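Structural features, examined
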Amino acid sequence: MKKIIRDTFGNLKLATEKISINNGLGRVLGTDIVSAMNVPHFNRSVVDGYAVKLTDIQGASSAIPGFLRITGEVDMGKETHLLLNQGETIYVPTGGMVPVGTEAMVMIEYTEKLGDHDLAIYRNAGANENMMLVGDDIKIGEVAFEKNHLLRPQDIGVLSALGYLEVDVLKLPRVTIISTGDEIIRPGEVPKPGEVIDINTPALGAVTQRLGALMISMSYARDDAGVIQKAVEAALINSDMVVLSGGSSMGEKDYTVKVIDVLGKVLFHGLSIKPGKPTILGVVDGKPVVGLPGQPASAIIVYMIMLREFMTVFYGQDHFKYQTVQGTLMENVHAAPGRRTFQTVAIKDSDGSIEVRPTHGKSGMITLLSYSDGYIEITENEEGKNAGNFVKVTLF
């Protein structure tokens, strides 16, 4: 599956848009960010203390202090024109501009004022100690962040420090989700016997958002090939990806694969995984069209796995990784060899160690995932996992 996605859709590109850095958290840069200034743009102290010449405090210690004349102090947030001469010292607050002639800063903890104008210093210092010089952090012309970098909270602060109010970011991949089936009714409606309230569309929309994409539309289509085809054609106009929930099996009214075959090309129909065997992937007008199983647990798990692969393609790297934990499996889990199995599990912190227990339910149970914290993966070559195994849990 992963190889097919990357080989077929590797050339998909997202356009860029300009946004305020205040809305930049979690967005991916569309261009390199090059500094137009030095940071810091003045020599500053990183401690609360006194500016000194190195020769004035050479060998200074608690037993043999150095003695200097206090000639002034720097005001925080203001430029200073004070000049430090031999035998003198000037007080500088943390972040303050150091006077011209300063060779090091000594923390106030290692000093003692002797009256209003004299200072004893009880330790020496190295060159530029406790100082940040112009450009020490970022220099003019330096690339602060490369294209495709995912913006974190600390990165927003750096952009602000560099004077950026807006940045170019990749547009969010746009996804349309179509729920198919004669039995499906919209959330909020009261179901009659035989009708089923749509669960998949809101849940799939939440997965879409969590992985950094944008659900631009959700729609419903009854079990009619012509209706489903028109829904897919309409969705493709403004979407980067179309997802159909239901209609991916082999039944008489499972039209998804037929519609994709008419509009484009079916890349695969069926995966050697559990749950999610009837999953479909096709390409129409160069865009992915995905057919998911109708069962909620199957649809959500398969979509999480597939969408992450597509996000890697869209953004050029895997930014939106699911959090994982490791723990001890408390029960045996059986699986059929030859098919990759994704077993839902619940986790519990027990005296500092993580206990992992499989969660079970009848096919189609809507609460199965709510009782689960994540899933473990069992490869095609395994017959299952044994109690006591150390396993990795991918969290929902």
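Taking an unreviewed UniProt entry as the reference, the chain is identified by name as Molybdopterin molybdenumtransferase belonging to Acetobacterium bakii. Database annotation for the chain, UniProt heading Sequence similarities (unreviewed entry): "Belongs to the MoeA family." A UniProt comment under Pathway (unreviewed entry) is attached to the chain, and it reads "Cofactor biosynthesis; molybdopterin biosynthesis."

To continue, consider the overall build of the chain. If you tally the helices and strands in the chain, you get six helices and 28 strands. Its C-alpha atoms give the chain a radius of gyration of 31 Å, more than 25% over the compact-globule value 21 Å for 396 residues. In terms of overall dimensions, the chain has C-alpha extents of about 95 × 50 × 40 Å along its principal axes. The proportion of buried residues among the 396 residues of the chain is 43%. Considering only contacts within the chain whose residues lie at least 6 apart along the sequence, 71% involve residues at least 24 apart. If the 37 positive side-chain charges of the chain are averaged to one point and the 46 negative ones to another, these points end up 8 Å apart.

Another point: the pairing of strand E6 (residues 88-92). Counting buried positions along E6 yields five of five residues, so the element is predominantly enclosed. Burial of E6 is two-sided: the residues Glu88, Ile90 and Val92 facing one way and the residues Thr89 and Tyr91 facing the other way are all buried. In this sheet, E6 lies alongside strand E4 (residues 49-52) in antiparallel orientation, the contact comprising three bridges. Paired with Ala51 across the two strands is Ile90, which belongs to E6. Pairing analysis gives four bridges linking strand E5 (residues 66-73) to E6, with the strands arranged parallel. When the bridges of E6 are listed, Gly72 appears paired with Ile90.

Looking now at the packing of aromatic side chains. Evaluated as defined, the whole model comprises four aromatic pairs. One aromatic cluster is present, built from ring pairs that chain together Phe342, Tyr375 and Phe396. Positioned above the aromatic ring of Tyr110 is the side chain of Arg123, whose terminal nitrogen or guanidinium carbon lies 5.1 Å from the ring centre.

Looking at the chain, the domain boundaries give domain 1 (1-38 + 142-170), domain 2 (44-132), domain 3 (174-315) and domain 4 (324-395). Between the C-alpha centres of domain 1 and domain 3 the distance comes to 29 Å. Across the boundary between the two partners, domain 1 contributes 13 residues, which contact 18 residues of domain 3. Both sides together, the interface formed by domain 1 and domain 3 hides about 1,500 Å², and carbon and sulfur atoms give 78% of it.

Another point: the pairing of strand E17 (residues 241-245). With respect to burial, E17 is a largely interior element, five of its five residues being buried. Side chains of E17 alternate between two faces, with Met241, Val243 and Ser245 and Val242 and Leu244 buried alike. Sheet topology note: the strand E13 (residues 174-180)/E17 ladder contains five bridges and is parallel. Bridge pairing in E17 places Ile178 opposite Leu244. Two elements, E17 and strand E21 (residues 287-292), share four bridges in a ladder whose sense is parallel. Directly across from Ser245, in E21, lies its bridge partner Leu292.

Pairing is possible between side chains of opposite charge, provided their charged atoms come close. What the rule picks out here adds up to 13 salt bridges. Ionic pairing is found between Asp155 and Arg152, a salt bridge with its closest N-O pair at 3.0 Å. Exposure remark for Arg152: the relative accessible area of 38% places this residue in the partly exposed category. Residues participating in the shared-partner salt-bridge network are Lys2, Arg6 and Glu309.

Our next topic: the nonpolar core. Of all hydrophobic cores here, the largest spans 41 residues; its most connected members are Tyr303 and Phe310. Those elements giving two or more residues to this core turn out to be helix H1 (2-9), E13, helix H3 (200-210), E17, strand E20 (280-284), E21 and helix H6 (296-315). Leaving out residues up to four positions away in the same chain, Phe310 has contacts with Ile5, Phe9, Met241, Leu281, Pro288 and Val290. Within the second largest apolar cluster, 16 residues are counted, among which are Ala221, Leu236, Ile260 and Val284.

Take the packing of helix H4 (residues 225-238) against helix H5 (residues 256-263) next. In helix packing, the relevant descriptors are the interaxial angle and the interaxial distance, both defined with respect to the helix axes. Remark: H4 packs on H5, axes separated minimally by 10 Å, with the N-to-C direction vectors making an angle of 55°. As judged from the angle between their axes, H4 and H5 are oblique. Between H4 and H5 lies a crossing of right-handed hand. Contact residues: Ala225, Ile228, Gln229, Val232 and Glu233 in H4; Val259, Val262 and Leu263 in H5. Counted by class, the contact of H4 with H5 contains six nonpolar, one polar and one charged residues.

The end-to-end C-alpha distance of H6 is 28 Å, a good match for the 28 Å that 20 residues give at a rise of 1.5 Å each. By the criterion of burial, H6 is predominantly enclosed, with 19 of the 20 residues buried. One or two residues past the end of H6 sits Gly316, with phi positive at roughly 85°.

Our next topic: the sheet that holds strand E18 (residues 265-269). The six strands lie next to each other as E16-E13-E17-E21-E20-E18, forming an open sheet whose pairing is mixed. For this open sheet the edge positions go to strand E16 (214-221) and E18, each flanked by a neighbour on one side alone. Mean inter-strand twist for the sheet, computed between neighbouring axes without regard to direction, equals 20°. Sheet analysis places E18 next to E20, joined by four bridges and oriented antiparallel. Bridge pairing in E20 places Phe268 opposite Leu281. In the packing of H6 onto the sheet, contacts are made with E13, E17, E18, E20 and E21, and the angle to E21 comes to roughly 165°.

Cut-off values and rules
Per-chain numbering applies: the sequence of each chain, read as written, is numbered from 1 onward. Predicted model: local features are reported for residues with pLDDT of at least 70 only, side-chain atom pairs are reported and counted for 80 or more only, and whole-chain, interface and lining totals are derived from all residues. With hydrogens and water excluded, all non-hydrogen atoms of the structure serve as input to the side-chain values. UniProt positions are given in the numbering used here, feature names are shortened, and annotations may be inferred rather than shown by experiment. Where helices and strands are cited, they refer to DSSP runs of H or I of at least four residues and of E of at least two residues respectively, numbered from the N terminus. The globule rule is 2.2 Å times the number of residues to the power 0.38, and the radius of gyration it is compared with is taken over C-alpha atoms. Note on classification: 1.4 Å probe, protein chains only; a residue is buried when its accessible area is under 20% of the maximum for its type, exposed when over 50%, partly exposed between these limits. Every residue pair with non-hydrogen atoms within 4.5 Å of one another is taken to be in contact. Only four residue types enter the tally: Lys and Arg on the positive side, Asp and Glu on the negative side; His and the chain ends are excluded. Charged groups are reduced to one reference atom each: NZ for lysine, CZ for arginine, CG for aspartic acid, CD for glutamic acid. Pairing between strands is defined by DSSP: at least two bridges between the two strands are required. Here the aromatic set is Phe, Tyr and Trp, taking the six-membered ring for Trp, and pairing holds for ring centres within 6.5 Å; pairs whose planes are under 30 degrees apart are stacked, those over 60 apart are edge-to-face, and all others are tilted. Charge over a ring is defined by NZ of Lys or CZ of Arg lying within 6 Å of the ring centre and within 35 degrees of the ring normal. Where each domain starts and ends comes from a domain assignment, either automatic or drawn from a database. Defined in terms of a 1.4 Å probe, buried area is the accessible area two parts forfeit on being brought together, summed over both. Just to be clear on terms, a salt bridge is a Lys or Arg side-chain nitrogen sitting within 4 Å of an Asp or Glu carboxyl oxygen. Residues grouped as a nonpolar core are buried Ala, Val, Leu, Ile, Met, Phe, Trp, Tyr and Cys residues, joined through side-chain atoms within 4.5 Å. Axis geometry follows a simple rule: fit a line to the C-alpha atoms, using only the stretch in contact for helices, then measure angles between N-to-C directions, giving values from 0 to 180 degrees. Throughout, the term roughly parallel applies to angles under 35 degrees, roughly antiparallel to angles over 145, roughly perpendicular to angles from 65 to 115, and oblique to all others. Left-handed describes a crossing whose near helix is turned anticlockwise from the far helix through less than a right angle; right-handed describes the clockwise counterpart. In this classification, Asp, Glu, Lys and Arg are treated as charged, Ala, Val, Leu, Ile, Met, Phe, Trp, Tyr, Cys and Pro as nonpolar, and every other residue, Gly included, as polar. By this rule the span expected of a helix is its residue count minus one, scaled by 1.5 Å.

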